[in-house]
Amino acid sequence: EDQVTQSPEALRLQEGESSSLNCSYTVSGLRGLFWYRQDPGKGPEFLFTLYSAGEEKEKERLKATLTKKESFLHITAPKPEDSATYLCAVRSFLSGGYNKLIFGAGTRLAVHP
Amino acid sequence: ETGVTQSPTHLIKTRGQQVTLRCSSQSGHNTVSWYQQALGQGPQFIFQYYREEENGRGNFPPRFSGLQFPNYSSELNVNALELDDSALYLCASSPGTGNTDTQYFGPGTRLTVL
């Protein structure tokens, strides 16, 4: 069964203190691993898609990497505005060739000045 | 380019009632997926609509149903509401259902069942 596990559940950082969030996954044939950012009471905002082991993508202070079993979201010198819940998801296939996203529970990041 | 929009923003219902949530997909997107997100959890897939047909369904009972219209907007209907249906309901649209199609989410509808 396709599954996504994120750790830690919550992370508190001081402004400028770099760290990494982990996403472990089990899926039958990876066809995309996604990172989203979600602010309280809002919908998830797309950040990155990774397709193959060794792939990396960057956006401002965020960098996502992918191995065959997990993905990391590295946050370099975070600022308070980076505080949010970060969600990881994998694309899982439905019958008929269509697909859905399976999400982890997320990591709640709080960055304090 | 207009993003995904949802209405209403918030809704309060009582147990046993019925509710309809609405979603307008992003311009050029023909696929809409609905997710339920309980507090502190990740979104859970309800179902997906592609060109007005339901083409996939998650582990939700038949009292969760939907529609997609010719303009690709969509509705989620929930009958016989239960307390556990209280959640953030998210709609996501994508250009298609292929391997490279990214799902973009709307702001969600917060449903509270009393």
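Residues numbered from 1 in each chain as written. Chains lettered and ligands numbered in written order. Predicted model: local features only at pLDDT ≥ 70, side-chain atom pairs only at ≥ 80, totals over all residues. Heavy atoms only, no water.

**Some thoughts on the sheet that holds strand β6 (residues 56–59) of chain A**
Residue and element names in this part refer to chain A. With antiparallel pairing, the five strands of this open sheet are ordered in space as β1-β3-β8-β7-β6. Where the open sheet ends on each side, the last strands, each with one partner, are β1 (3–7) and β6. Taking each pair of neighbouring strands and ignoring which way they run, the sheet shows an average axis angle of 15°. (Pairing = 2+ DSSP bridges. Helix = DSSP H or I, 4+ residues; strand = E, 2+ residues; numbered from the N terminus. Axes fitted to C-alpha atoms, helices over the stretch in contact; angles between N-to-C directions.)

**Brief notes about the packing of aromatic side chains**
Inspection of every chain in the model, using the stated rule, returns eleven aromatic pairs over all chains. Seen in terms of ring centroids, Y35(B) and F105(B) are 5.5 Å apart; in terms of plane orientation they differ by 50°. Their pairing is tilted. One end of the pair, Y35(B), is in strand β4 (residues 31–37); the other, F105(B), is in strand β10 (residues 104–105), with 70 residues separating them in the sequence. Both residues of the pair, Y35(B) and F105(B), count as buried. Ring geometry for F60(B) versus F64(B): centroids 5.1 Å apart, planes at 65°, classification edge-to-face. Summarising the burial analysis for this pair, F60(B) and F64(B) share the class buried. Members of the aromatic cluster, each reached through a chain of ring pairs, are F34(A), Y36(A), F46(A), F103(A), Y35(B), F45(B), Y104(B) and F105(B). (Phe/Tyr/Trp six-rings, centres within 6.5 Å; stacked < 30°, edge-to-face > 60°. Buried < 20%, exposed > 50% of the residue type's maximum accessible area, 1.4 Å probe, protein only.)

**What to know about the pairing of strand β7 (residues 62–66) of chain A**
Residue and element names in this part refer to chain A. The buried count for β7 comes to four of five residues, which makes it a mostly enclosed element. Bridge analysis of β6 against β7 gives four bridges, and the strand direction is antiparallel. Among the inter-strand pairings, E58 is bridged to a residue of β7, identified as K63. Joining the antiparallel neighbours β6 and β7 is a turn of two residues, in which E60 adopts a positive phi near 55°. Here five bridges tie β7 to strand β8 (residues 70–75), and the two strands are oriented antiparallel to one another. Paired with K63 across the bridge in β8 is H74. Connecting β7 to the antiparallel partner β8 that follows it, the hairpin turn spans three residues.

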